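Notes for the structure review
The lines below spell out each chain.
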Amino acid sequence: MKAAICYEYGQPLVIEEVTLDAPKEGEVRVKIAATGICHSDLHLISGEWRDRQGPPVIAGHESSGTVLDVGPGVTAYAPGERVIVTLIRSCGRCFYCTAGYPQRCETVFPLDRESRLHNQQGQMIRQGLRTGSFAQEVVVDESQLVKMPDDMAFDVAALLACGVITGAGAVLNTAQVKAGSSVVVIGTGGVGLNSIQAARIAGAYPIVAVDILDNKLEMAHQFGATHSVNPKTQDAIAFVRGLTAGRGADYVFVTVGNAKASEQGFAMLRPRGLQVIVGIPETGATAALPVGAFVQERMVTGSTMGSTRLGTDVPRLIARTIVTTARSVSRITRQGWLPQPPAASRGAR
Ligand SMILES: [Zn+2]
Ligand SMILES: [Zn+2]
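Just so it is clear, the model here is predicted, and its values are computed rather than measured.

**Some details on helix H9 (residues 259–267)**
Listed as buried for H9 are Ala259, Ala261, Ser262, Gly265 and Phe266. Looking straight down H9, one finds that the buried residues subtend no more than 155 degrees of arc, so they occupy a single side. Here the buried face of H9 lies against strand S11 (183–186), strand S14 (249–254), strand S15 (269–277), helix H10 (291–295) and strand S16 (299–302). Where H9 begins, the capping side chain belongs to Asn258, and its oxygen is found 2.8 Å from the backbone nitrogen of Lys260.

See the structure below:
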């Protein structure tokens, strides 16, 4: 099979034939149908993460496809089944798994130490981000899979493997945003748009999108943002304070992997408010946060993959997607895209 290999960080990927070993105990081989390009893939192949193992490595982790083959002991999946392939690998038995946080699983799997991939010279190639789906096939642990409906398109389903679960999960699982709360989402890429959608689902208001690209802010409104601000042309901190009685937002989600954005987001937060850092910055990045603001009971946490429990969250999001799509279609025909908020409350576009 062919794969796009990173032999040197920062250099173009090389597409060549590679050998993929058969799945071992508990593993599944999947023929990849669709793969997104997540910013984490770009961080990896640019070398920003300075990971110790280094290249050669295959990126790609936001994927869907069809089961080709299962290893010994796999009973939950059979060849021909359509699946979403994620990087969340969990044992179901360790401290964090039994506590309900499989994204923090502590178990070391054979696939964490060895790779099933080799090039034609016999050199071992790492499966980046536990998946390596910039390739025609992958071998992953069965816990990384979720079955998808037959009538769901592969390219739509692939997004559920990272962007959707990370963005939506940060809001619904990690922060558990309450209805009526004010929410700021910094960065409106694949993850940020899904945080905005989830904030809408949770009943938040206002939902403020922050991005330096105006076309992305336009998109954010389609996904449910009620206000938007471009910090390049407007004071975003003052904008958020103006919408929240000068207090600051109840929740701030930083979906870009940038330490400066975390500092700006923190300045938008009210006392007792919660900032959730979702985007992964380059290795070693630090942010300067005023200690006195913590004494005023501001809270900061992070979210790994939206604190997602694949088996419960993904089917729920699929059901919600179908419902939302059906509703949106009727809305489009009746009154345009999503219902518009009252004119007086709309922010600068
Ligand atoms: Zn990702
Ligand atoms: Zn575990």
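**What about the coordination of the zinc ion (ligand 1)?**
Protein-derived ligands of the zinc ion (ligand 1) are Cys38 (SG), His61 (NE2) and Cys162 (SG), with the metal-ligand distances lying across 2.0 to 2.3 Å. One chain supplies every donor to the zinc ion (ligand 1), and in sequence these donors are spaced C-x22-H-x100-C. With Cys38 in the loop between strand S3 (27–36) and helix H1 (39–46) and His61 in the loop between strand S4 (57–58) and strand S5 (62–70), the pair connects residues that are 23 residues apart, well separated along the chain.

**A word on the confidence of the model for the protein**
On average, residues of the protein score 91 in pLDDT, and 92% of them reach the 70 mark or higher. Within the model, pLDDT remains below 50 along residues 327–349, and this stretch shows 32 contacts once partners closer than five positions in the same chain are excluded.

**Topic: the sheet that holds strand S6 (residues 82–85)**
A sheet is described by the order of its strands in space; here five strands give the open sequence S9-S3-S5-S6-S10, paired in antiparallel fashion. A strand with exactly one partner marks an edge of an open sheet, and here the two such strands are strand S9 (137–141) and strand S10 (145–147). On average, adjacent strands in this sheet sit at an angle of 45 degrees to one another, irrespective of strand direction.

**Some points on the packing of helix H5 (residues 163–174) against helix H6 (residues 190–202)**
Remark: H5 packs on H6, axes separated minimally by 7 Å, with the N-to-C direction vectors making an angle of 40 degrees. In this view, H5 runs oblique relative to H6, as classed from their interaxial angle. Seen along the crossing, H5 lies across H6 with a hand that is right-handed. Mapping the contact onto sequence places Gly163, Val164, Thr166, Gly167, Ala168, Val171 and Leu172 in H5 and Gly190, Val191, Asn194, Ser195, Ala198, Ala199 and Ala202 in H6. Class assignment for the residues of the contact of H5 with H6 results in eight nonpolar, six polar and no charged.

Rules and cut-offs
Numbering of residues begins from 1 in every chain and follows the order in which that chain's sequence is written. As they are written, the chains are lettered A onward and the ligands numbered 1 onward, keeping that order. Local features in a predicted model are, by the rule used here, given only for residues with pLDDT of at least 70; side-chain atom pairs are given and counted only at 80 or more, and totals for whole chains, interfaces and linings are based on all residues. For the side-chain quantities, the full set of heavy atoms in the structure was used; hydrogens and water were omitted. Remark: exposure states derive from per-residue accessible area (1.4 Å probe, protein chains only) relative to the maximum for the residue type, with buried under 20%, exposed over 50%, and partly exposed in between. Helix and strand labels come from DSSP, where a helix needs a run of H or I of at least four residues and a strand needs a run of E of at least two; each type is numbered from the N terminus. The directions from the helix axis to the C-beta atoms are what the arc is built from. Two residues form a contact once any of their heavy atoms are found within 4.5 Å. We define a polar contact as two N or O atoms separated by no more than 3.5 Å, with the added condition that, inside protein, one atom must be a possible hydrogen donor and the other a possible acceptor, whereas residues neighbouring each other in sequence contribute only through side-chain atom pairs. Distances decide who is a donor: an N, O or S atom must be within 2.8 Å of the metal, or within 3.2 Å for Na, K and Ca. Water is not included, so sites may look incomplete. What pLDDT reports is the predictor's confidence in each residue, on a scale of 0 through 100. A pair of strands is labelled paired if DSSP reports no fewer than 2 bridges between them. Fitted lines through C-alpha atoms give the axes, limited to the stretch in contact for helices. The angle between two N-to-C directions lies from 0 to 180 degrees. Each angle gets one of four labels, with under 35 degrees taken as roughly parallel, over 145 as roughly antiparallel, 65 to 115 as roughly perpendicular, and the rest as oblique. For a crossing to be left-handed, the near helix must be turned anticlockwise from the far one by less than a right angle; the clockwise case is right-handed. Residues were grouped as follows: Ala, Val, Leu, Ile, Met, Phe, Trp, Tyr, Cys and Pro as nonpolar; Asp, Glu, Lys and Arg as charged; and all remaining residues, including Gly, as polar.

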